[in-house]
Amino acid sequence: MDMHTVVNGEGAKRGLERVVVGDGRASGVTASDVLAVARAGARVELSDEAVAALAAARDIVEALAAKPEPVYGVSTGFGALATRHISPELRAQLQRNIVRSHAAGMGPRVEREVVRALMFLRLKTVCSGRTGVRPEVARTMADVLNAGITPVVHEYGSLGCSGDLAPLSHCALTLMGEGDAEGPDGTVRPAGELLAEHGITPVELREKEGLALLNGTDGMLGMLVMALADLDTLYKSADVTAALTMEALLGTDKVLAPELHAIRPHPGQAASAANMLAVLDGSGLTGHHQDDAPRVQDAYSVRCAPQVAGAGRDTMAHAGLVAERELASAVDNPVVLPDGRVESNGNFHGAPVAYVLDFLAVAVADLGSIAERRTDRLLDKNRSHGLPPFLADDAGVDSGLMIAQYTQAALVGELKRLAVPASADSIPSSAMQEDHVSMGWSAARKLRTAVDNLARVIAVELYAATRAIQLREGLAPAPASRAVIDAVRAAGVEGPGPDRYLAPDLAAADAFVRAGHLVAAAETVTGPLR
C-alpha cells in the first residue's frame, strides 16, 4: 500500500477545488496547492496575470531569436553542445529533439501523485514569466493535468542537476503527443490517443520551449512537499504511541513537565512533550515506577522521546522553509529577466532541496529506531515491569508479538540504510560540463520509502502498546488512550488473546496510522495536537 494515498494532509481534503496559477501571490503557489493538485485532483487554471507574463517573456525570446548573435537555449545547442549556433530552420527540430533524447528514463513507473506534482510545479515556473514559453504551451500543460492524463515517468534518470531532466522530459513528451501516458481510468496508452480523446492539441515547440520544460527541481520539490505533509501526521502519531508505551511501562510523566523543556528551548521538543502530556492526562498507569520494582528513571527510549521526536520536528521546520523558498522560485536556465536580458545561471542545481531530503531521512530513521526500542522493551519480561513475555497469552505455548518486533526491526534496519545521504554523492555528466550534481531526485525517492516504512514502525508500536495497556488489569488508562484503544479495535486491530494470524492485525494498524485515525482518535479527548 502506498503511503501517499492516505495521509490526512491539508491538500488531500480539497477535492476538486481549483488552483489558480500566477494570481499575483509573491509565493507563486503554496504547499497546499501542490497537495490539492497532486493528491486530490484539483483543477488548475491560469490567471490573467500569468498569461500576460507569459506573453511578455515570449516577446523577448522571439526578439532575441531574430538576431544574428547566438543566445544559449534560444539559438544554440545544449550542455556540452552549447557552442553550436543553430540556424532558424532547425530550431523547432532542436526543441523536439531535446525532449525526445532526454526522455531516457528507466525502471519502474513513479507514482501518479509524484508526476502530477512534477507537472504542476513546472507549470508554476513556466507561468512566472521567466522562461519565455508561449501561453498556449502553458494552457496545454493545465489541460493535461485537468484531463487526468499522467505521463509515464520512470524511477531512474535524474541526477538532480539541470533539474530533474529525464522525468520532466517524459512529461514534455506527452505534451507533444508522443510516448506513453496513463489515462484517467488508470490504463497506459499512447499519449497522442489520450490527448485526442480529450480534445487537446499536441504542442509544436518553438525556440527555448523544450529546454524550459525540462530544467527544474520540480520532481524533488514535489516529493519534499508531500513528505512533509505525511511526516506532520506521523510525528504526531509517534508522540501518541510514545505516550501509550510510557503508560504501559508504568513510567513517569514528570519528565514531560513544560518547565523542564522550557530550559532547553527547542520548539519541536516542547511540542512533542506537550502532545505526550496531553495524551497522558488523567492516566491511572503513569507514576507507578516506584511500586513493586522501584526505578529512579525510565529508559532513554521513553524518557527522551520528546527530545528525539522534537529534533525531527525542527528538521521538518527547516525543510519546510526550504520548500517555501523553492516554491517561490522560478528555476530555469537561461532565464528571462524583467529588463529583457536572457541570462544563464545555476539555479537548477538541486542542492538546497537535496540536503533537506537527506536530513529528513536521518530524522525518520532515528524516530523509527527509538519507537522500535520502546516496542522491544514492552515485549521483554525483564524490562516491562510485570507484563508477560512478548505480551503472549500463554507464554511458551503462545509466541505473542515476538515476530511482529522482528518485522519492525527489519523495517528500522532499512530506515538506517535509507538514511545514507544521496546528496553526498556526485557523478559528473555531459562530457564534464555538468561536473557536480545534487542527486536530489534519488534523495527524494529514498525518503518516500523511508516515510512509508516509518508508518509501519509506528503501527507496530501502536499494536504492542495498546495490547500491553489492556493487560494492565485494575489500572485505568488516560481517557485519550482509552479513545485510541477503542478506535483501533473498531478498525479491526484485535486485542490480547491466544496466538492468531498477525499480518492482518498489523495491516489494519498500519492503515489506521496512515489514514490519520490514530491522531484523530487521541484528539477527540486532547483537542488538536501540536
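Bear in mind the structure is a predicted one, so any value in this text is a computation, not a measurement.

Colleague: Explain the overall build of the protein here, please?
Modeller: A count of helical and extended segments in the protein gives 19 helices and nine strands. Here the C-alpha radius of gyration of the protein, 26 Å, is about what a compact globule of 530 residues would show, namely 24 Å. Looking at the protein as a whole, 56% of its 530 residues qualify as buried. Here the analysis covers contacts within the protein between residues at least 6 apart in sequence; of these, 80% occur between residues at least 24 apart. With the model as given, the accessible surface of the protein reaches about 20400 Å², and the carbon-plus-sulfur share is 55%.

Colleague: Teacher, can you tell me more about empty space enclosed by the protein here?
Modeller: Over the atoms, a rolling probe the size of a water molecule traces out where space has been left empty. As enumerated under the stated definition, the model contains three cavities of 30 Å³ or more in all. In this structure, the largest cavity encloses a volume near 80 Å³. If you go around the largest cavity, the residues you meet are M119, R122, M141, L168, C171, A172, L175 and L213. Elements with a minimum of two residues in the lining of the largest cavity: α4 (112–126) and α6 (165–175). Per element, the largest residue contribution to the lining of the largest cavity is four residues, and it comes from α6.

Colleague: Looking at this model, I keep getting lost on the confidence of the model for the protein. Mind explaining?
Modeller: The predicted coordinates should not be examined in detail at positions where pLDDT is low. Averaged over the protein, the pLDDT score is 92; the fraction of residues at 70 or greater is 94%. Residue range residues 1–15 is modelled with pLDDT below 50. Its contacts to residues more than four positions away, or to other chains, number 47 contacts.

Colleague: Mind showing me how you'd approach unusual backbone geometry here?
Modeller: The bulk of non-glycine residues show a negative phi, and the bulk of peptide bonds are trans. In the segment running from N333 into P334, the intervening peptide bond is cis, with an omega of 0 degrees. Here P334 lies in the loop between α13 (305–327) and β8 (335–336). Although it is not a glycine, H385 adopts a positive phi angle of roughly 60 degrees. In this structure, H385 sits in the loop between α14 (351–379) and α15 (402–418). With relative accessibility at 27%, the residue H385 sits in the partly exposed group. For M439, which is not glycine, the phi torsion reads 60 degrees and is therefore positive. Residue position: M439 is located in the loop between α15 and α16 (440–471).

Colleague: Quick question: what am I supposed to make of the nonpolar core here?
Modeller: Of all hydrophobic cores here, the largest spans 152 residues; its most connected members are F120, L123, L213, L224 and L231. If one sorts the elements of this core by residue count, helix α9 (residues 218–248) sits on top with 19 residues. If we ignore the near neighbours within four places in the chain, the residues touching L213 are R122, V126, V137, M141, L168, A172, L175 and L205.

Colleague: Whenever I open this one, α4 confuses me. Can you help?
Modeller: Residue pairs spaced three or four apart in an α-helix point in one direction, given the helix's 3.6 residues per turn. Under the 1.5 Å per step criterion, the end-to-end length of α4 is 21 Å for 15 residues, consistent within 8% with the ideal 21 Å. Of all the 15 residues making up α4, 14 are buried; the element is thus mostly covered by neighbouring parts of the structure.

Colleague: Help me out: how do you make sense of the pattern of salt bridges in this one?
Modeller: A side chain of one charge can pair with a side chain of the opposite charge if their charged atoms are brought near each other. Considering all chains together, one arrives at 37 salt bridges under this definition. In this structure, the salt-bridge partner of E182 is R112, at a minimum N-O distance of 4.0 Å. Of the two residues, E182 is situated in strand β6 (residues 180–182) and R112 in helix α4; the sequence distance between them amounts to 70 residues. For R112, a relative accessible area of 34% translates into the label partly exposed. Its salt-bridge partner being E372, residue R373 comes within 2.7 Å of it at the nearest N-O pair.

The rules behind each value
- Residues numbered from 1 in each chain as written.
- Predicted model: local features only at pLDDT ≥ 70, side-chain atom pairs only at ≥ 80, totals over all residues.
- Heavy atoms only, no water.
- Helix = DSSP H or I, 4+ residues; strand = E, 2+ residues; numbered from the N terminus.
- Rg over C-alpha atoms; globule rule 2.2 N^0.38 Å.
- Buried < 20%, exposed > 50% of the residue type's maximum accessible area, 1.4 Å probe, protein only.
- Contact = heavy atoms within 4.5 Å.
- Areas by Shrake-Rupley, 256 points an atom, 1.4 Å probe, with all protein chains shown as cover.
- 1 Å grid on protein atoms, 1.4 Å probe; cavity = no way out; pocket = protein on both sides within 12 Å on 5 of 7 lines; lining within 4 Å.
- Points joined across faces, edges and corners; volume = space filled by probe spheres on them.
- pLDDT = per-residue confidence, 0-100.
- Core = buried A, V, L, I, M, F, W, Y, C linked by side-chain atoms within 4.5 Å.
- Expected span 1.5 Å × (residues − 1).
- Salt bridge = Lys/Arg side-chain N within 4 Å of Asp/Glu carboxyl O.

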